[in-house]
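Chain and residue survey
Spelled out from the first residue to the last, the chains are:
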Amino acid sequence: MSRRALVVGNWKLNGSRSANAQLLAAVLQARPFGCDAAVCVPFPYLPETAVTLAGSDLRWGAQDCSAHDSGAYTGEVSAAMLAEFGCRYAIVGHSERRALHGETDQLVADKARAALAHGITPSVCVGETREQREAGQTDAVVKRQLSAVIHALAHCAGEIVVAYEPVWAIGTGLTATPEQAQAVHALLRAQLRAATARADAMTLLYGGSVKPDNAAALFAQPDIDGGLIGGASLKAADFIAICRAAG
Ligand code: 13P
């Protein structure tokens, strides 16, 4: 089955109004890429990003969303609010949020459900730490993380994007080999097949030190449908090259 590739930039806690304007202008000018592409920006930049990208085929999203719709949750941003800005995606369960903010599998699942309820595609991140890989626990860890989301979403499980991001590869320059990444992607797709008839149409992204020089080999793998890009998404030339590798 042929799936259209997707490349998503995760800007993390980076950017400024002027830097964003320059980056987005360069990316817009370089299209078309032959793949779908999106940028997930810090919350305050969403309105401006929505205006800049309106009418283009470059999509935008957020890096998180609350599991709640409204209420006494200081500092949180709901999926309903994001939807007002035309967000197409919300990253949920990024390993930085799991590790630094104590997000549990259940909370990640609740966030995914909240996003979908407002028409936003959750990009659900799963991935093992280096210690877990060395202990032979990779398969069990990613299966457990995805299982919580599948269980919470039930018949909607086929509507998410899944991003495999080995924690040891994030921001370290240590990329999983294409074979290592493919093995986990195949496992995740098999798990999805058991849950939804849409599994073969679903988009599975790889993230973790994707760069222009390793992107093509990763994206050539049968179950890798694109990338979730951190550091390289902040450099226009690199992000553009990665999008072209996916196209
Ligand atoms: P890097 O591309 O900087 O390794 O980050 C990957 C990531 O965490 C994307 O969500």
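That block above? That's the structure.
The rules we used
- Residues numbered from 1 in each chain as written.
- Predicted model: local features only at pLDDT ≥ 70, side-chain atom pairs only at ≥ 80, totals over all residues.
- Heavy atoms only, no water.
- Axes fitted to C-alpha atoms, helices over the stretch in contact; angles between N-to-C directions.
- Helix = DSSP H or I, 4+ residues; strand = E, 2+ residues; numbered from the N terminus.
- Parallel < 35°, antiparallel > 145°, perpendicular 65-115°, else oblique.
- Left-handed = near helix turned anticlockwise from the far one by under 90°.
- Contact = heavy atoms within 4.5 Å.
- Expected span 1.5 Å × (residues − 1).
- Buried < 20%, exposed > 50% of the residue type's maximum accessible area, 1.4 Å probe, protein only.
- Core = buried A, V, L, I, M, F, W, Y, C linked by side-chain atoms within 4.5 Å.

The N-to-C vectors of helix α1 (residues 17-30) and helix α10 (residues 236-246) enclose an angle of 30 degrees; their axes lie 9 Å apart at closest approach. The pairing of α1 with α10 is recorded here as roughly parallel in orientation. Viewed along their axes, α1 and α10 form a crossing whose handedness is right-handed. Contacts between α1 and α10 pair Leu23, Ala26, Val27 and Ala30 from the former with Ala236, Phe239, Ile240 and Arg244 from the latter.

Right, let's talk about helix α8 (residues 178-193) for a bit. The terminal C-alpha atoms of α8, which comprises 16 residues, lie 22 Å apart, in line with the 22 Å expected from a rise of 1.5 Å per residue. Taken residue by residue, α8 has Pro178, Ala181, Gln182, Val184, His185, Leu187, Leu188, Arg189, Gln191 and Leu192 as its buried positions. Tucked inside the fold, the buried residues of α8 contact β5 (121-126), α6 (130-134), α7 (138-153), β6 (161-164), β7 (204-207) and α9 (212-219).

Okay, the nonpolar core next. What tends to happen in soluble globular proteins is that the nonpolar side chains get buried as a cluster. One finds Val7, Leu82, Ile160, Leu188, Tyr206 and Phe219 to be the most contacted residues of the largest nonpolar core, which totals 71 residues. Looking at this core, the element that brings in the most residues is α7, giving seven residues. Ignoring sequence-local partners within four residues, the contact set of Ile160 consists of Leu116, Thr121, Pro122, Val124, Leu146, Val149, Leu153 and Met202. Leu6, Val8, Tyr89 and Ala163 belong to the second largest nonpolar core, which has 11 residues in total.

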